[in-house]
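# Secondary and tertiary structure notes
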Amino acid sequence: MSQQVVPIALRDLQRPVAAELERVADELVRIIAADFPIIAEVNERLVRMKGKLFRPTLLLLSSQAAGAHDPRAVTLAAVVELIHLATLVHDDSVDHSVLRRGMPTINALFSHQVAVIMGDYLYSRAIIELVALEDLEPLRVFARVTNEMTVGEMRQLEAHDKLAFGEAQYDALIRAKTASLLSGACEVGALHAAPGARAALARFGMSLGMAFQITDDLLDYTQPQAVTGKPSGLDLKEHKVTLPLIAALARLSPGERRPVERLMAEPDPPDELVAEVIRAVELAEGLDYARRRAQELAQRAETELETLPPSPAREALRDSIAYAVERHS
């Protein structure tokens, strides 16, 4: 991977699009506004939940780097964040999560019913906004992406034998659940660019998204709650099998696998058992394997940028790769 050793701050790579990102925040408020009291109340929480605007950043940077000059870019960036927010609200409800980025989730504050309906509301607002543009292309990309994400969620729910969940299945899952939206954001940013740039940025977003998700899964093993805003080992507690565990399982003896089997059999695994499995995964070099995969995907993403002309936006996209694989939260 390239030169950066010091982790990149998101605000640094957002510099070329800082003014547009301020307008994205305003657009989000405009798009989700509603007169209905409970929707307005939840919307207030959602605006605070919006987080780092990484996906809108990628869309705006892709638009600049590809020379797309799309006047709709700010609205499209707000739409991609809206789709992302909808998936978070639904995911938290499905997983019965009580924290997101250190803040109470919508389902914890209100109810699972409200969370599901609000996720639907956000999706429908995104569709209304896309239809208003009277251009099928962004609608086509985001419709495909949201369908892929839904199928990815179902794929995860249907994985009955958790310990038989292999790397190929994991790749298909993270491609659908996470990488497809990052890829869609980059592609939509370049809709007004040359076809070659659009395709390269879509591939860039896909590799970046997979590296981003593998890093996220690693953080669950390595970072405490104070850093990530969610309890450490939460994926294991929820019986989610991610790449560090998949890689470790291939190296564990039948005896060493027993704590993992016990954990998967426990409806609510105790913290000591979660800690024991985390240690076993680390000793079996599952974390090292996952780090190498993230770096390989990061390298692939970087290669795609070579087709674009040099610009501050292209350099910021390169920095987004380092951000994705070197972040700590």
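Here the structure is a predicted model, which is why all the values come from computation and not from measurement.

## Some points on the pattern of salt bridges
Under the criterion given, the structure shown has 27 salt bridges. Note that D135 and R72 form a salt bridge whose closest N and O atoms lie 2.6 Å from each other. Residue D135 is found in the loop between α7 (112-132) and α8 (136-157), and its partner R72 is found in the loop between α4 (54-65) and α5 (73-95); the two are separated by 63 residues along the sequence. Since its relative accessible area comes to 25%, D135 is described here as partly exposed. When the shortest N-O distance is used, the salt bridge between E187 and R144 registers 3.3 Å. One end of the pair, E187, is in helix α9 (residues 167-189); the other, R144, is in helix α8, and 43 residues separate them in sequence. Judged by relative accessible area, which is 38%, R144 ranks as partly exposed. Salt bridges sharing partners connect three or more residues here, namely E137, R140, R144, E148, E187 and R198.

## Topic: helix α17 (residues 312-326)
Note on helix geometry: an α-helix contains 3.6 residues per turn, so any two residues three or four positions apart are oriented the same way. Counted at 1.5 Å a residue, the expected span for α17 with its 15 residues is 21 Å, and the 21 Å between its end C-alpha atoms agrees. The buried fraction of α17 amounts to twelve of the 15 residues, a majority that puts the element mostly inside the structure.

## Here we look at the environment of V116
Inspection of the secondary structure assignment puts V116 in helix α7. Between the C-alpha atom of V116 and that of H90, which follows or precedes it by 26 residues, the distance is 5.7 Å. Those residues in contact with V116, other than ones at most four positions away along the chain, are H90 and S93.

About the cut-offs
Residues numbered from 1 in each chain as written. Predicted model: local features only at pLDDT ≥ 70, side-chain atom pairs only at ≥ 80, totals over all residues. Heavy atoms only, no water. Salt bridge = Lys/Arg side-chain N within 4 Å of Asp/Glu carboxyl O. Helix = DSSP H or I, 4+ residues; strand = E, 2+ residues; numbered from the N terminus. Buried < 20%, exposed > 50% of the residue type's maximum accessible area, 1.4 Å probe, protein only. Expected span 1.5 Å × (residues − 1). Contact = heavy atoms within 4.5 Å.

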